[in-house]
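What the coordinates show
Now for the letters of each chain:
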Amino acid sequence: MAKKEKDGQRVHNELITVDTAIKIKGFKNNNLDITVATKEDSQIFDRIVNLIDTDYYTKISDNHKTIISKLLDSYKNALAGTELLHDQYILAGHELVEFDGIDDAQIFRYLVYRYKYNMYPILKVVDDYPPCVQIEPSSICNFKCVFCYQADLTFNNKKSGFLGRMDFEIFKKVIDELEGNVESITLASRGEPTLHPKFDEMLQYMKGKFLAVKINSNASLLTDKKIHSILSNDVQTMVFSIDAASKELYEKLRVNGKFETTIKNVERFNEIKAKHYPDSRLVTRISGVKVNEMQDVETMTEFWSKYADIVAFTNYMPWESAYDNPINDLKQPCTELWRRIFIWWDGKVNPCDYDYKSKLSQWNSKDKSISDIWNSDGYDGMRETHLNEQRNEIEPCKRCVST
């Protein structure tokens, strides 16, 4: 059973036994265990070089050509066994799977997007727009996972003001601004995106506008109609949030979840993909949160690999008690301030989802542009505070272990 405080907030669950470690944001080897097919760096380098003399390269901007030049130098160093410079980067992990599915016409778009996503937070570069925007169709969820915001009863109740579904006009306004300015859009955050009654229309409205659309879902509400909508509307990555390979552990961790339903729906997704979309570039990922020693990536991989291109665990973060976690002495700035922005269902814009009650938010996308918010004095001030090693002056940054 979970321990509770007087206000009803769930603080801890006995199933969570791992220690909270500093978490480096992004899809890094020290942030998770991952099983994925790999490509030789030389093959990627050769493909990039072969495309340099094509119109695909000549049509990109000078700034993007500079990034491609940095990537080429990065691969030259890697292939020569030389250590990469501070501003150099090569593809790794799940990017190798994604790269393999990108057609030649989009290769340079993809490389620039991945460089910005991974390197701008390290180099502390603020562009006109964030490398990634995470949009929340719904903050409501049908699960109450023990490690999630939904376990906090001061958040997850009808009177809290935190629960709702995004108005379609807000969604369209955001998408219209981001088209051509951002490549990475994730539909997910505090709730289950497929709960939105216009989920299919959202995907249709986004189709062809972004290179890297990702959906995070618990898979419980998938229907044939929703599956076809996902597969026919240019989604790049489908993440199924699954933390166990056994019914007992799965249903203890994902409260209200039914293991058999999840398996059936993921199987059906793969059946429809194989039968009706054999040339789909969509990458399927099974992603779990590592909360105890009973979870094992080898067991997960053995069970789930037939349904996914990637099987991974991400390290546990105590999201469910973000505002009650102990204050730490972490000095490193949080890279999310240079990587991503969150847009909640009501248009509110927030720097991160650890702050799931929006204590940091000063903005709403209904009356300000995403670009103006990203480059605002308020956002820059927060970045400056982190850079000055004073994140312990900000709530709840002072309780978060992400860097």
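In this report, the structure presented in the accompanying data block is examined.

Cut-offs used in this document
- Residues numbered from 1 in each chain as written.
- Predicted model: local features only at pLDDT ≥ 70, side-chain atom pairs only at ≥ 80, totals over all residues.
- Heavy atoms only, no water.
- Core = buried A, V, L, I, M, F, W, Y, C linked by side-chain atoms within 4.5 Å.
- Buried < 20%, exposed > 50% of the residue type's maximum accessible area, 1.4 Å probe, protein only.
- Helix = DSSP H or I, 4+ residues; strand = E, 2+ residues; numbered from the N terminus.
- Contact = heavy atoms within 4.5 Å.
- Axes fitted to C-alpha atoms, helices over the stretch in contact; angles between N-to-C directions.
- Parallel < 35°, antiparallel > 145°, perpendicular 65-115°, else oblique.
- Left-handed = near helix turned anticlockwise from the far one by under 90°.
- 1 Å grid on protein atoms, 1.4 Å probe; cavity = no way out; pocket = protein on both sides within 12 Å on 5 of 7 lines; lining within 4 Å.
- Points joined across faces, edges and corners; volume = space filled by probe spheres on them.
- Nonpolar A, V, L, I, M, F, W, Y, C, P; charged D, E, K, R; others polar.
- Pairing = 2+ DSSP bridges.
- Right-handed = clockwise from strand over helix to strand, strands pointing away.
- Phe/Tyr/Trp six-rings, centres within 6.5 Å; stacked < 30°, edge-to-face > 60°.

1. Considering the nonpolar core
Among the nonpolar cores identified, the biggest contains 89 residues, and Phe147, Ile230 and Trp304 are the most heavily contacted of them. Looking at this core element by element, the count peaks at 6 residues for helix α6 (residues 168-178). Look past the residues within four positions of Ile230 in its chain and what remains in contact with it is Phe199, Leu203, Ile215, Leu222, Val235, Met238, Phe269 and Leu282. Grouped together as the second largest cluster of nonpolar side chains are 30 residues, Ile48, Ile67, Tyr75 and Ile102 included.

2. A short note on the packing of helix α7 (residues 199-206) against helix α8 (residues 224-232)
Where α7 contacts α8, the axes come no closer than 9 Å and their chain directions differ by 15°. Put simply, α7 runs roughly parallel to α8. As for how α7 packs across α8, the hand of that crossing is left-handed. Facing α7, whose interface residues are Phe199, Asp200 and Leu203, α8 presents Lys225, Lys226, Ser229 and Ile230.

3. Remarks on the layout of surface pockets
Roughly 430 Å³ of internal volume is contained in the largest pocket. Around the largest pocket, the lining is made up of 19 residues, and of these His64, Lys116, Gly180, Asn181 and Glu183 lie nearest the centre. Considering each element in turn, the lining of the largest pocket owes the most residues, 6 residues, to helix α5 (residues 107-123). Its residues placed into classes, the lining of the largest pocket shows 9 nonpolar, 4 polar and 6 charged.

4. Let's talk about empty space enclosed by the protein
According to the stated counting rule, one finds 2 cavities of 30 Å³ or more in the structure shown. In this model, the second largest cavity occupies a volume close to 180 Å³. Looking at the lining of the second largest cavity, the elements that each hand over two or more residues are α12 (336-339) and α14 (377-387).

5. So, the pairing of strand β8 (residues 283-290)
Among the 8 residues of β8, 7 are classified as buried, and the element is accordingly described as predominantly covered. Here strand β7 (residues 237-241) pairs with β8 via 5 bridges, running parallel. In the strand pairing of β8, Phe240 is matched with Ile286. One ladder, built from 6 bridges, connects β8 with strand β9 (residues 310-315); its direction is parallel. Within the sheet, the bridge partner assigned to Ser287 lies in β9 and is Ala312. Between β8 and its parallel partner β9, the chain crosses via helix α11 (residues 297-304), and the hand of that crossover is right-handed.

6. Digging into the packing of aromatic side chains
The final tally for this structure, using the stated rule, is 20 aromatic pairs. Seen in terms of ring centroids, Phe259 and Trp304 are 6.1 Å apart; in terms of plane orientation they differ by 85°. Their pairing is edge-to-face. Here the residue Phe259 occupies a position in helix α10 (residues 259-276), and Trp304 occupies one in helix α11, the gap between them amounting to 45 residues. Of the aromatic side chains, those joined through ring pairs into one cluster are Tyr149, Phe155, Phe162, Tyr323 and Tyr356.

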